[in-house]
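What the coordinates show
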Amino acid sequence: MDDKLLPVAENINNILKEPGDNLSAKITPSGREVVKLETADEKISAVRYPTTGKIVETIVKK
C-alpha cells in the first residue's frame with residue numbers, strides 16, 4: 001500500500017499549472033495530516049489518520 005498522501009505529488013513539477021491553483025498541507029491538533037490541491041478542473045484532498053495510518057482520498061471533478 002502506498003503511503004503518499006497525494007499520488008499526483010509524484011510529478012511535483014506539474015502540480016500547480018495555472019494562476020489560481022492552490023496547494024496546502026497541515027497537521028491538525030488531533031494529529032491528522034491533511035493535503036489539499038485545488039485547480040480549475042478538480043479538488044483533491046487526502047487525510048492520513050494518526051491512529052490507524054489509513055489514508056482517505058477525495059477527488060471532485062468540476
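Just above sits the structure.
So, a few notes on the structure that sits alongside this text. (Residues numbered from 1 in each chain as written. Predicted model: local features only at pLDDT ≥ 70, side-chain atom pairs only at ≥ 80, totals over all residues. Heavy atoms only, no water.)

Quick notes on the environment of T28
By secondary structure assignment, the location of T28 is in the loop between β1 (22-27) and β2 (33-38). Here S30 takes part through its side chain, which lies 3.1 Å from a polar atom of the side chain of T28. (Helix = DSSP H or I, 4+ residues; strand = E, 2+ residues; numbered from the N terminus. Polar contact = N/O pair within 3.5 Å; in protein donor to acceptor, adjacent residues only side chain to side chain.)

Details of the pattern of salt bridges
Inspection of every chain in the model, using the stated rule, returns 3 salt bridges. A salt bridge links E33 to R48; the shortest N-O distance between them is 2.7 Å. Pair noted here: E33 is in strand β2 and R48 is in strand β3 (residues 42-48), with a separation of 15 residues, a long-range link. Look at E33 and you get partly exposed, because its relative accessible area is 28%. For E42, the salt bridge goes to K61, with nearest N and O atoms at 2.8 Å. In this pair, E42 sits in strand β3 while K61 sits in strand β4 (residues 55-61), placing the two residues 19 residues apart along the sequence. You can call E42 buried: its relative accessible area is 18%. (Salt bridge = Lys/Arg side-chain N within 4 Å of Asp/Glu carboxyl O. Buried < 20%, exposed > 50% of the residue type's maximum accessible area, 1.4 Å probe, protein only.)

Regarding the environment of E57
Residue placement: E57 occurs in strand β4. The spatial distance from the C-alpha of E57 to the C-alpha of I44 is 7.3 Å, given a sequence separation of 13 residues.

Brief notes about a positive patch on the surface
Together, K26, R32, K36 and K43 line one region of the surface with positive charge. Its relative accessible area of 32% is what places R32 among the partly exposed residues. (Patch = residues over 30% accessible without salt bridge, like charges linked within 9 Å, V, L, I, M, F, W, Y side chains within 5 Å. Areas by Shrake-Rupley, 256 points an atom, 1.4 Å probe, with all protein chains shown as cover. Lys, Arg positive; Asp, Glu negative; His and termini not counted. Charge placed at Lys NZ, Arg CZ, Asp CG, Glu CD.)

Some thoughts on the sheet that holds β3
Strand order in the open sheet made by the 4 strands is β1-β2-β3-β4, with antiparallel pairing throughout. The open sheet has two edge strands with one neighbour each: β1 and β4. Between one strand and the next, the sheet's axes are offset by a mean angle of 10°, whatever the strand orientation. (Pairing = 2+ DSSP bridges. Axes fitted to C-alpha atoms, helices over the stretch in contact; angles between N-to-C directions.)

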